[in-house]
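Now for the letters of each chain:
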Amino acid sequence: MRVGVVADNLVESLALTAGAVPEPVVLGAWGLFASRLLLAGAKLGVFDALTDRTADAATLAKELGLSVEGLERLLRALNGLGYLKRSRGRYSLSALSKKWLARGSKSSMKDALLFLEELWSWTSHLEAGVRTGRGIRLHDDGVLSPESWGRYLRGLATFAAPAGKEIVRRIKFARPPAKLLDVGGGHGMYSVEFCRRHPGLKAEVLDLPEAAAHGRKIVEEAGFDARVTFRPGDMRTDEWGTGYDAILLFNVLHNATEAEAKVVLRKARAAIAPGGVLAIQESEYKQTEGDLSFTAGFGELFFFLVSGAQTWPEPTLRAWLVEAGFERVRTQRLWLAPAVVVSGLGPKG
Ligand SMILES: C[S@@+](CC[C@H](N)C(=O)[O-])C[C@H]1O[C@@H](n2cnc3c(N)ncnc32)[C@H](O)[C@@H]1O
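Participant: I'd love a proper account of the overall build of the protein chain, names of residues and values included.
Facilitator: Scanning the protein chain for helices and strands turns up 15 helices and 10 strands. Structurally, the protein chain occupies a C-alpha span of about 75 × 50 × 35 Å along its principal axes. Burial analysis of the protein chain (349 residues in total) assigns 44% to the buried set. When contacts within the protein chain are restricted to residue pairs at least 6 apart in sequence, those whose partners lie at least 24 apart make up 68%. Working note: accessible area of the protein chain is about 18,100 Å², and carbon and sulfur atoms make up 56% of it. With 45 positive and 39 negative side-chain charges, the protein chain shows a separation of 6 Å between the mean positions of the two kinds.

Participant: Quick rundown of the pattern of salt bridges? Include the residues and the values.
Facilitator: Tallying each qualifying case throughout the model produces 17 salt bridges. One salt bridge connects Lys262 with Glu323, and the closest N-O pair in it is separated by 3.7 Å. In this pair, Lys262 sits in helix H13 (residues 258-271) while Glu323 sits in helix H15 (residues 314-324), placing the two residues 61 residues apart along the sequence. Residue class for Lys262 comes out partly exposed when judged on its relative accessible area of 24%. One continuous salt-bridge network, built from bridges that share partners, spans Arg137, Asp234, Arg236 and Glu260.

Participant: Pulling in residues and values, what's your account of the packing of aromatic side chains?
Facilitator: Aromatic ring pairs are described here by two measures, namely the spacing of the ring centres and the angle between the planes. Following the criterion strictly, the structure yields 11 aromatic pairs and no others. Aromatic side chains Trp30 and Phe33 sit 6.1 Å apart centroid to centroid with 45 degrees between the ring planes, which places their arrangement in the tilted category. Here Trp30 and its partner Phe33 are both found in helix H2 (residues 23-43), three residues apart, which amounts to about one turn of the helix. Judged by its relative accessible area of 60%, Trp30 falls in the exposed class. Measuring from ring centre to ring centre gives 5.5 Å for Phe115 and Trp122, while their planes differ by 75 degrees; the resulting arrangement is edge-to-face.

Participant: I'd love a proper account of the pairing of strand E10 (residues 339-345), names of residues and values included.
Facilitator: Burial within E10 is extensive, with six of its seven residues counted as buried. Pairing between strand E8 (residues 272-283) and E10: seven bridges, direction antiparallel. By the bridge assignment for E10, Gln281 is matched with Val341. In this antiparallel pair of consecutive strands, strand E9 (residues 327-333) and E10, the connection spans five residues.

Participant: Report on the domain arrangement of the protein chain, specifying residues and quantitative values.
Facilitator: Taken domain by domain, the protein chain holds domain 1 (10-114) and domain 2 (134-345). Measuring from the centre of the C-alpha atoms in domain 1 to the corresponding centre in domain 2 gives 34 Å. With five residues of domain 1 at the contact, the number on the domain 2 side is five residues. Summed over both sides, the interface between domain 1 and domain 2 buries roughly 410 Å², with carbon and sulfur atoms accounting for 71% of that surface. The interface formed by domain 1 and domain 2 contains zero salt bridges. At the junction of domain 1 with domain 2, the criterion picks out zero residue pairs in polar contact (both at pLDDT 80 or more). By residue class, the composition of the side of domain 1 that touches domain 2 is three nonpolar, one polar and one charged.

Participant: Any chance you could break down the site of the ligand for me, citing the residues and the numbers?
Facilitator: In the vicinity of the ligand lie 22 residues, with His187, Asp207, Met235, Phe250 and Asn251 positioned nearest. Here a nitrogen atom of the ligand and a side-chain polar atom of Asp234 are 3.0 Å apart. Contact distances for the ligand include 3.4 Å between a nitrogen atom and a side-chain N or O atom of Arg236. In isolation the ligand has 590 Å² of accessible area, and contact with the protein removes 95% of it. Top element by residues in the shell around the ligand is helix H10 (residues 146-170). It accounts for four residues. The class makeup of the residues in the shell around the ligand is 10 nonpolar, nine polar and three charged.

Participant: How would you explain the layout of surface pockets if you had to name every residue and give the values?
Facilitator: Counted as a void, the second largest pocket has a volume near 250 Å³. What lines the second largest pocket is a set of 14 residues, among which Lys172, Val277, Arg328, Arg330 and Leu345 lie closest to the centre. Taken together, the elements giving at least two residues each to the lining of the second largest pocket come down to E8, E9 and E10. Partitioning the lining of the second largest pocket into residue classes produces five nonpolar, four polar and five charged.

About the criteria used
For every chain, the first residue of the written sequence is number 1, and numbering continues from 1 onward in sequence order. This being a predicted model, a pLDDT of at least 70 is required before a residue's local features are given, and a value of 80 or more before pairs of side-chain atoms are given or counted; all residues contribute to the totals for chains, interfaces and linings. Only hydrogens and water are set aside when side-chain values are computed; all heavy atoms of the structure are taken into account. A run of DSSP states H or I qualifies as a helix once it reaches four residues; a run of E qualifies as a strand once it reaches two. Both are numbered from the N-terminal end. Exposure is judged per residue with a 1.4 Å probe applied to protein chains only, and the accessible area is read against the type maximum: over 50% gives exposed, under 20% gives buried, and values in between give partly exposed. Every residue pair with non-hydrogen atoms within 4.5 Å of one another is taken to be in contact. The Shrake-Rupley method, run with a 1.4 Å probe sphere, supplies the accessible areas, and residue values consider only the shown protein chains as cover. The sign given to each residue is positive for Lys and Arg and negative for Asp and Glu; His and the chain ends receive no count. For the purpose of locating charges, the reference atoms are NZ of Lys, CZ of Arg, CG of Asp and CD of Glu. When a carboxyl oxygen of Asp or Glu lies within 4 Å of a side-chain nitrogen of Lys or Arg, that pair is called a salt bridge. Two aromatic rings, drawn from Phe, Tyr or Trp (for Trp, its six-membered ring), form a pair once their centres lie within 6.5 Å of each other, and the interplanar angle then sorts them: stacked below 30 degrees, edge-to-face above 60, tilted otherwise. Here a strand pair is declared whenever DSSP counts at least two bridges between the two strands. For the purposes of this description, domain bounds are those given by an automatic or database domain assignment. In this description, buried area is defined as the sum, over both parts, of the accessible area (probe of 1.4 Å) that is lost when the two are combined. A 3.5 Å cut-off defines polar contacts: any pair of N or O atoms within that distance qualifies, except that in protein one atom must be a possible hydrogen donor and the other a possible acceptor, and neighbouring residues in sequence count only when both atoms are side-chain atoms. In this count, Pro and Cys sit with the nonpolar residues alongside Ala, Val, Leu, Ile, Met, Phe, Trp and Tyr, while Asp, Glu, Lys and Arg are called charged and the others, Gly among them, polar. Being near a molecule or strand, for a residue, comes down to having at least one heavy atom within 4 Å of it. Definitions used throughout: a 1 Å grid over protein atoms alone; a cavity as a set of points that fits a 1.4 Å probe which cannot get out; a pocket as an open set with protein on both sides within 12 Å along at least five of seven lines; a lining residue as one with an atom within 4 Å of a point. Grid points are joined across faces, edges and corners, and a volume is the space filled by probe spheres set on the points.

Set out below in structure tokens:
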């Protein structure tokens, strides 16, 4: 998936074809404005307030405690962007907003938009990271405020539902699983998906204290707090326990150096039940000398920037699993996310 410059009319289309449009500036500026507009719409409650109704700026401004002058302009801009419809001065959600942003929509991505605010501040370290060769370590003590942790984990939770549904269908167990450990599980929603799929399953999320505090609330809102519990701790140094039918390491190893990742995998090997499944989910990392997709290229830069580590190539993950003693190591590429799941079984003997 990539973002590009799209013509609004024939003249613009001809200009684009003729190479007369300064695309780097249009892409840079429009991308920035679009991001900011969507974030403002979500933060100020515009999409929520327009769910299932049509309203004018004055009515909305009164309800939301905003100025009519400012809101009218924001609504017009969101209309221009295609996220609101406008007729005789009244506004309603466009089809795109109804699906992705309406209050109560099953596919709502509102929390992912609110997470943009964090991404704005994290990516402001980009030039410094490239200059010095050192990223920030986001999860270290005190780097994120409690509010930032909340926006971060709620944002990620929105992606867990679609990817999680696919993953739970594709990970097979020799017997119905009873005990799952979700290491760095954060919001806990992957554990929730596993519990939905396997009625006899109980899950425990091992994550840093700041994350566990938010994860508990998210899981409670999903109605799974009796089956998904949280254990605050550090995966590198704390006890994991034993006898797990499943251990998840989803989007976690890109926060770890190679030495830390190897420690984590040895702990996983000690904690897994015979025949239990260890599953690692990571963004796809293309080991290629040629062109990269935007997703792959930016993904690499992003994880370097925010975790001071990197996305690990799938062959590296496989080799580490074998080295740690896992058997029948395999890779599955996901359809619903640009990610891979590398899994292995705990030895039987
Ligand atoms: C990118 S998030 C992934 C969350 C979830 N597993 C997912 O896939 O959406 C990384 C998670 O790893 C957790 N984490 C980072 N370092 C950790 C550590 N040393 N011990 C335990 N959890 C850690 C973070 O708090 C965060 O919840």
